[in-house]
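Take a look at the letters that make up each chain.
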Amino acid sequence: MFLVAPITTAYGHSEFFFPRLFTPAELPNTGFALLNPDNFTATVTLYLVSAAGAQVSPLVTLRIGPGGQLSRKGSELFPNATTSGWVYVVTDGEGMQAFWVIYDAGITFLDGAEAVQLDTFGPDQIIPFVAGQTELSVINPNGIDVPVTIRLFGNDAELAPPFMRQIVRAGGYQSDVSSMFPSADMTQARYIRIRTTQAPIASLVQIRGFLVPTESAIINGTNVAPASAELNFPHVINGGLTGANYTTVIGVTNVSTSSQTVTITFNPDAGAPITVTRTISVNGALRETAQSLFNLAPEFQSGWVRASGTGAITGFAAYADSIAGGFAVVPAGVSQTNLFFPHIADGPPQWQTGIALLNVSSTPANVEVYAVTPTASLIGSARLTLDPGKKIANVIHELIPQTRGVNGGFVFVRTTNNVPLYGMELFYTEDLKVLSNVAAAKLSPFVVYTPPSQ
């Protein structure tokens, strides 16, 4: 029997997890990227663990050089896998960051999520987005069996009796939400809440059939505590533009213990802000398009959104192009003075990578952007000033021309005057048939990262 070690992040050691049961058939179309910002070569060990908590493939040991990145397909890491499993990673590096992405052979869907680390495990989690065909995954990294209670909510009420499941130690559970809650009207479903008896778990959902027919989106569960009373979404777009028709859906979930009024403001790239208020009940949620929320005209508009409550809230922004069919979901993030985007896809056959950065402070941000190869060499860099209350949204080769044609490596963003930024990355095909979110990864406080010079 395989048993996951206690979850720890300490000097010289950290762990992270990819909380989905990957089938052997999916592994050739699943990519994993690992980024080592430490100043020494990191040793990384990966395990594939079954739903029953057993190691189902020989462990894999890799080495990633200082400041380097490594990307591999699941079938390259676990070529002999015959059983579905989730991926557990142990490394001697303190600052390791990682994400994964899944797609199909015809690239009709594409998305992924960041790896789960210690600060994103918890005994009480919210998955803020449920829609269409939703598949839920939950893993138990503990050394004991853990009972979990899963509840499905609509706009202002629970939609069905709770679903309960015992997950064995180091095991996992995966199922369509409609099968777990057969009496629920899934068109009214808004979010899921998962609770345990204080044992931390990790969770995510994969969503298909929302707004567009074939694309998918993946979003991790987030801990209910601590939750913020303010959310900022650095990129919101709506309307037609050069063969595309964009929709952004804003989702806000009330995780406080009382009803609250939430103030939501659209800050356009040009023009005056538009502010609306919505009352969200206890256990309630709001899901509305930007066009509907702010009464936007059908012509293309771009900006950013702030949602402020009187209590704790969580949420997401979902993007769709109704003409080409691309779709992605970005959870609410946190502002940071150092951000990593662990992958660049801006080359053949038709990949592009877009980055959005937002400064909500009252101070101009002096920003440096670096594109770095997997072997820690500089591809190129850019410097800019981001004014208070403003955002930028650019294809990476617009910021750093040397990245045009590059598939591989990562992006590092920092401010030299300690102004925190919100950030997000999307990579996509030029025809916009698929979109994938790459969350902004943090820099560990124990690690000093120096980007490469020319």
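Since the model is a prediction, treat every value here as computed from it, not as a measurement.

What counts and what doesn't
Residues numbered from 1 in each chain as written. Predicted model: local features only at pLDDT ≥ 70, side-chain atom pairs only at ≥ 80, totals over all residues. Heavy atoms only, no water. Helix = DSSP H or I, 4+ residues; strand = E, 2+ residues; numbered from the N terminus. Buried < 20%, exposed > 50% of the residue type's maximum accessible area, 1.4 Å probe, protein only. Contact = heavy atoms within 4.5 Å. Pairing = 2+ DSSP bridges. Axes fitted to C-alpha atoms, helices over the stretch in contact; angles between N-to-C directions. Core = buried A, V, L, I, M, F, W, Y, C linked by side-chain atoms within 4.5 Å. Phe/Tyr/Trp six-rings, centres within 6.5 Å; stacked < 30°, edge-to-face > 60°. Polar contact = N/O pair within 3.5 Å; in protein donor to acceptor, adjacent residues only side chain to side chain. pLDDT = per-residue confidence, 0-100.

**Student:** Can you lay out the environment of L293 for me, pointing to particular residues and giving the numbers?
**Tutor:** With respect to the helices and strands, L293 occurs in helix α3 (residues 290-294). You can call L293 buried: its relative accessible area is 4%. Spatially, the C-alpha atom of L293 lies 7.3 Å from that of V276, the residues being 17 residues apart in sequence. Apart from residues no more than four positions distant in its own chain, L293 is found in contact with I250, I264, V276, R278 and E288.

**Student:** Tell me about the sheet that holds strand β1 (residues 14-22), and please be specific about residues and values.
**Tutor:** An order of β1-β6-β3-β4 is seen for the 4 strands of this open sheet, with the pairing classed as antiparallel. In the strand order of this sheet, the two ends are held by β1 and β4 (60-64), each with one partner. Neighbouring strand axes in the sheet, compared pairwise and without regard to direction, differ in orientation by 20 degrees on average.

**Student:** Break down the side chain of H397 for me, citing the residues and quoting the values.
**Tutor:** Within the secondary structure, H397 sits in helix α4 (residues 396-399). Contacts of H397, omitting those with residues within four sequence positions, involve D346, Q352, T403 and R404.

**Student:** Give a description of the pairing of strand β14 (residues 191-196) that names residues and reports values.
**Tutor:** A large share of β14 lies buried, amounting to 5 of its 6 residues. With 4 bridges joining them, strand β9 (residues 124-127) and β14 adopt antiparallel strand pairing. Across the sheet, residue Q125 finds its bridge partner in β14, namely I194. In the sheet, strand β11 (residues 146-153) pairs with β14 via 6 bridges, with the strands oriented antiparallel. When the sheet's bridge partners are listed, T149 is paired in β14 with R195.

**Student:** A description of the environment of M180 should follow, citing residues and the corresponding values.
**Tutor:** For M180, the position within the fold is in helix α2 (residues 177-180). For M180, a relative accessible area of 6% puts it in the buried group. With 32 residues separating them in the primary sequence, M180 and V212 have C-alpha atoms 24 Å apart. If we ignore the near neighbours within four places in the chain, the residues touching M180 are L136, I150, F163, Y173 and S175.

**Student:** Account for the nonpolar core, naming residues and giving values.
**Tutor:** In summary, soluble globular proteins display a tendency toward joint burial of nonpolar side chains. Membership of the largest hydrophobic core comes to 36 residues, with the highest contact counts inside it found for F129, L136, I150, L152, F181, I194 and F327. In terms of residue count, the dominant contributor to this core is β11 (4 residues). Beyond its immediate sequence surroundings of up to four residues, F129 is in contact with R190, Y191, V205, I207, F210, I219, R287, F316, A318, F327 and V329. Judged by nonpolar contacts, the second largest core, of 32 residues, contains L231, V252, I313 and M424.

**Student:** Give me the lowdown on the packing of aromatic side chains, citing residues and values where you can.
**Tutor:** Inspection of the entire model under this criterion finds 23 aromatic pairs. Ring centres of F22 and W100 lie 5.1 Å apart, and the angle between their planes is 85 degrees; this geometry places the pair in the edge-to-face category. Here F22 is found in strand β1, whereas its partner W100 is found in strand β7 (residues 97-103), with 78 residues between them in sequence. Assessed through its relative accessible area of 0%, F22 is described here as buried. These aromatic residues form a ring-pair network of at least three members: F16, F18, F22, F32 and W100.

**Student:** Any details on the sheet that holds strand β33 (residues 422-429)? Residues and values, ideally.
**Tutor:** On the basis of which strands lie adjacent, the open sheet formed by 4 strands has the order β30-β27-β33-β34 and antiparallel pairing. The open sheet has two free edges, formed respectively by β30 (390-395) and β34 (435-439), since each of these has just one partner strand. Mean inter-strand twist for the sheet, computed between neighbouring axes without regard to direction, equals 20 degrees. Summarising the sheet, β33 and β34 pair through 5 bridges and their orientation is antiparallel. In the strand pairing of β34, M424 is matched with A439.

**Student:** Outline the environment of K391, listing residues and values.
**Tutor:** Relative to the helices and strands, K391 is located in strand β30. In this structure K391 comes out as buried when scored by relative accessible area, which is 12%. Remark: the alpha-carbon pair of K391 and N267, spanning 124 residues in sequence, is separated by 9.6 Å. Non-local contacts of K391, meaning those with residues more than four positions away in its chain, are made with P234, H235, V236, D269, S302, G303, W304, L357, L358 and L386. Reaching out from K391, the side chain makes a polar contact with the side chain of H235 at a distance of 2.7 Å. Side chain to side chain, K391 and S302 meet in a polar contact 2.9 Å long.

**Student:** Residues and numbers for the confidence of the model for the protein chain, please.
**Tutor:** For the protein chain, mean pLDDT is 94; residues scoring 70 or higher make up 97% of the total. Predicted confidence for residues 5-11 stays below pLDDT 50, and this span has 17 contacts to residues more than four positions away or in other chains.

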